[in-house]
Amino acid sequence: MKNIVILISGRGSNMQAIVRAAKAEGWPCRIAAVISNRADAEGLAFAAQQGIATEVVVSKDFPSREAFDAQLQATIDRFAPDLVVLAGFMRILTPGFVEHYAGRMLNIHPSLLPSFPGLATHRQALAAGVKVHGVTVHFVTAELDHGPIVAQATVPVLPGDTEDTLAGRVLVEEHVLYPKAVRWYVEGRLSIDNGVVHIADAAQPA
Ligand code: GAR
C-alpha cells in the first residue's frame, strides 16, 4: 500500500479528483494527508470530510524559503510518503526540498510544457495566439515547471476565448489527466530514462 501526500494552496479541485478516483477505482494506496501552505485553502474542508489528515504550514510564518521548506518536509515525512503530489501548490521550492523527493514528486501545470511555464498560463497562451493549449503532469525538478513529462492533454483555443473560458476547458482535462498519471505511479508503471518518462503496460491479472 503506497502512501500519498497531496499539497494544495487553494481550491483543491485536482486533489478532490484524485481522492475520488482513488476511492472509486480502489487504487492500492492511501491518501495519507493533505497539506496546505494557506490556512484558508478551500480544499482542506473536503479532505477533512473524507477523513484524510490535514496539516497547514503557513509560509509567511518562516523567515526564509529554506526554513519553510524544512518545516514542510518534516510535516510531509511524518506521513512516510511514497509519492508527493503538488495539486495547485503555488510555491517555488528550494533545490534541497526538490532533491529530497526526486523521482517521487509530481506536479500539474496548466499548459503544454515546455510552453508557458510560470503564472498566467492561459493569458500567455492567448497572447501567443496558439491554437492548441492544454495541461502537463510532470516529475518535479529544481527548475520551475520543468521535469520529465508523464502525461499531457490538449484543448482547442477557440475564437472569443477569455482566460476564464480557456482555464475552464483546461481544468476539465486536468481532472481526468492527474488521477490517471497518479494511478500509473501507484501501480509502479512509471520509469525515467534520460529525462524521458516511460509508461509500462498495466500488469496482466495472473
Ligand atoms: C490548476 O489549474 C493547476 O493546474 C494550477 O493551479 C490550479 C489549481 O487548481 N497549477 C499551477 O499553475 C502550478 N504552476 P485546484 O486547486 O482547483 O486544483
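Structure: above.
As the structure is a computational prediction, the values presented were derived from the model and not from experiment.

## Observations regarding the side chain of Asp145
In this structure, Asp145 sits in the loop between β6 (132-139) and β7 (149-156). Nearest to the buried, unbridged Asp145 among oppositely charged side chains is Arg65, at 12 Å. Here the side chain of Asp145 touches His109 through a polar contact of 3.3 Å, side chain to side chain. Here Gly118 takes part through its backbone nitrogen, which lies 2.7 Å from a polar atom of the side chain of Asp145.

## Notes on the pattern of salt bridges
Pairing is possible between side chains that carry opposite charge, provided their charged atoms lie close to one another. Enumeration over the complete set of coordinates arrives at 7 salt bridges. A salt bridge links Glu163 to Arg123; the shortest N-O distance between them is 3.0 Å. Pair noted here: Glu163 is in helix α6 (residues 163-186) and Arg123 is in helix α5 (residues 121-128), with a separation of 40 residues, a long-range link. Ionic pairing is found between Glu187 and Arg189, a salt bridge with its closest N-O pair at 3.2 Å. Given a relative accessible area of 16%, Arg189 falls into the buried group. By sharing partners, the salt bridges in this structure join Glu25, Arg183, Glu187 and Arg189 into a single network.

About the thresholds
- Residues numbered from 1 in each chain as written.
- Predicted model: local features only at pLDDT ≥ 70, side-chain atom pairs only at ≥ 80, totals over all residues.
- Heavy atoms only, no water.
- Helix = DSSP H or I, 4+ residues; strand = E, 2+ residues; numbered from the N terminus.
- Buried < 20%, exposed > 50% of the residue type's maximum accessible area, 1.4 Å probe, protein only.
- Lys, Arg positive; Asp, Glu negative; His and termini not counted.
- Salt bridge = Lys/Arg side-chain N within 4 Å of Asp/Glu carboxyl O.
- Polar contact = N/O pair within 3.5 Å; in protein donor to acceptor, adjacent residues only side chain to side chain.

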